[in-house]
Amino acid sequence: MKKYEEYTALDFVKDDSFRDWVRGKGRDESFWMHFLQQHPEKKADIRQAELLIRAMNVAPESLSEKEVRQEVSQFLEKITKSSDQNVAVSTRFWWQRPWYRLAAMIALVIVASGTWWIMNKNQKTELNSSFLPLSNSLAETVNETEGSLMLTLDDGSTVKLSPHSRLKYAPKFTGEIREVFLTGEALFEVVKKKEPFLVQTGKLTTKVLGTIFTVRAYESDNRVTVQVRSGKVSVYSNDKKTPTTMTTTKGVILTANQAAVFEEKEKQLSKTLVVEPIVLRPEVIINHFSYDETPLSQVLKQLEQAYGIHFQFDNESLKNCKITATLSNESLYDKLHLLCKITGATYEIVDGQIIFDAQGCI
Amino acid sequence: MKPRPKDELTQQLWQDYRAGAPSALAQLMQLHYTDLFHWGMRLCPEREIVKDCIQELFLSLWQIHATIGEVENVRAYLLKSLKTKLLRELSKQHNHLYELNDEYDFDVLFSPDMRMIEDEYEVYQLKRLEQVLDQLPQRQKELIYLRFYQDLSYDQIAETMQIGRQSLYNLLQKALSSLRKHWQVGLNLLLLAMWVR
């Protein structure tokens, strides 16, 4: 374990995990968030390190995929042609041409079998982790494109399958449940029916009656997230090692704008908020988020109603806080950030709620 | 930016290429093209020359596929080889011999990532750092570029820049200390700004 507590700003800069986190491509998101909470004394160093990394950014060159493809195929053409020339110039290498061809074929087989092996491996893990034995009658859709793929299931539910994701499902739903198996990420819009709809992702089961939600379970991610856009969803872990304590449970119930994260390493299931909460009740925003000497508590109550997210705050300490500002289309977190800046408050997301902490205003 | 290919994949392709598979080398070219092109453009601003040199690099790699050995770091090896090729090409064009340890040009412009930064003072700090970075000597910029843009390890940087570990370390210390110097100025300013407020 690295001694991050003793790190200076420059040590953080040199740390790979930290740099990935700043660039938003890290796998240790929760680790660094946690570390920041545990070590507020490191905040200044971390902020400096972050700025330094941001400053080191270099813009990419404009180079299209097409240009790269052209260059590569030009290259391939040249090397296959040059082998022809060799044959023409010197008969000593008469065997070269078929040999090149053979080599090219071998390489193709290697690539294909490699992919096949990976696919098989995935299937195996899925087989091991699912409850029901997979029958051969399951259909499978793999999205190998760079865009999303829309699927309509037998019951009318739709699935937007993200790139490099795979969904297995029964061509016709029969029996007590509607069950699908997901590797990767998908947004589900489930039609309400008597039979519950289950998304299996190995370690985690997401069960719904009818709702819109996203499940993200890429194998490389080491975590599964479920984000709910509307309706109610229950999520539970199939892992026997998941501890059942006060803070972590085997199952959580999520409502709109809430999310569940299952960390594979810690085997912990926890409740949080979606990355981009959406306004659930636009009718609440009659003032278009425009405030004039409005008490902060009233602003928070309005956000609470609009986003359907529970806010916790101390009425007494917020008493003197007045807001004069016009908020617009920025995300909920940006709005909160702004409110915090105006009032010197802080907020954190705990168990799918927002805890707003203000020291009081003058 | 697309994620870089995994080392195992690159190694596997390298083995296949050595065994005589043209498609493996083509795939290596495809996977590393963006990085190689970006790197090439830092050394020479002409797109076509950079593209030609990448073509030549892979053509010459193909010619020696039967004799070339194992390479521990394929990416660093490719970056280094492209640099040698480009400097040779530039030497021809400018009638001046550039060598790897020489003062050849290295052109990189740092453009701070200002996303989600609202604080004016932080914006100011980033702009200030940008200036400091842009004024660093070329070799120090190259080092920072290889570390931060190409994500190379220090060993790989030493290989790519063809300098020993100790020289690399000295170079790194120089770069960091001049950053630290200006960063400290920033820190004091921050304190002052808070005091005045």
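Residues numbered from 1 in each chain as written. Chains lettered and ligands numbered in written order. Predicted model: local features only at pLDDT ≥ 70, side-chain atom pairs only at ≥ 80, totals over all residues.

### What to know about the overall build of chain B
The criterion, for reference: Secondary structure follows DSSP: runs of H or I at least 4 residues long count as helices, runs of E at least 2 residues long count as strands, and numbering of each begins at the N terminus. The exposure scheme places C-beta atoms from the backbone and then counts, for each residue, the other C-beta atoms within 10 Å of its own, assigning buried at 20 or more, exposed at 12 or fewer, and partly exposed in between. By the criterion used throughout, residues are in contact when their C-beta atoms, derived from the backbone, lie within 7 Å.
The number of helices and strands found in chain B is 8 helices and 0 strands. Mapped in sequence order, the helices and strands of chain B form the string α-α-α-α-α-α-α-α. Counting over 197 residues, chain B shows a buried share of 35%. For chain B, the share of sequence-separated contacts (at least 6 apart) that also reach a separation of at least 24 residues comes to 64%.

### Topic: the interface of chain B and chain A
Our working rule: Each residue gets one label: Ala, Val, Leu, Ile, Met, Phe, Trp, Tyr, Cys and Pro are nonpolar, Asp, Glu, Lys and Arg are charged, and the others, such as Gly, are polar.
The partner chain A presents 29 residues to the 39 residues of chain B that form the contact. At 11 residues, helix α2 (residues 22-43) of chain B tops the list of elements feeding residues into the side of chain B that touches chain A. Per-class residue counts for the side of chain B that touches chain A are 25 nonpolar, 8 polar and 6 charged.

### Some points on the sheet that holds strand β15 (residues 311-312) of chain A
In plain terms, the rule: Strands are labelled as partners when DSSP assigns at least two bridges between them.
In space, the 3 strands of this open sheet follow the order β15-β18-β17 (chain A), with mixed pairing throughout. Whereas interior strands pair on both sides, the edge strands pair on one side only; in this sheet they are β15 and β17 (346-350) of chain A.

### Observations concerning the confidence of the model for chain A
The predicted structure's coordinates, where accompanied by low pLDDT, should not be read in detail. Residues and elements named next belong to chain A. The criterion, for reference: Along the chain, pLDDT gives the predictor's confidence residue by residue, from 0 to 100.
Taken as a whole, chain A shows an average pLDDT of 74; of its residues, 79% reach a score of 70 or greater. Looking over chain A, one finds the lowest element-wise mean pLDDT in helix α6 (residues 96-129), namely 32, and the highest in strand β4 (residues 165-169), namely 89. Every residue in residues 84-136 is under pLDDT 50, and counting partners more than four places away or in other chains gives 37 contacts. Note on residues 242-248: pLDDT is under 50 here. Beyond four places in sequence and across chains, it has 11 contacts.

### Brief notes about the environment of Leu59 of chain B
Here Leu59 of chain B shows up in helix α3 (residues 47-63). By C-beta crowding, Leu59 of chain B is classed as partly exposed, having 14 other C-beta atoms within 10 Å. Those residues in contact with Leu59 of chain B that lie beyond four places of it in its chain are Lys78 and Ile79 of chain A.

### Brief notes about unusual backbone geometry
A positive phi angle, close to 70°, is found at Asn257 of chain A, a residue other than glycine. Its location among the elements puts Asn257 of chain A in the loop between β11 (251-255) and β12 (258-263). At Gln162 of chain B, a residue that is not glycine, the phi angle is positive and equals roughly 55°. Tracing the chain through its elements places Gln162 of chain B in the loop between α7 (154-161) and α8 (165-196).

### Some thoughts on the pairing of strand β14 (residues 290-295) of chain A
All names here are of chain A. Taking burial as the measure, the 6 residues of β14 include 0 buried ones, a minor fraction of the element. Across 4 bridges, the pairing between β14 and strand β16 (residues 322-326) is antiparallel. Directly across from Ser290, in β16, lies its bridge partner Thr326.

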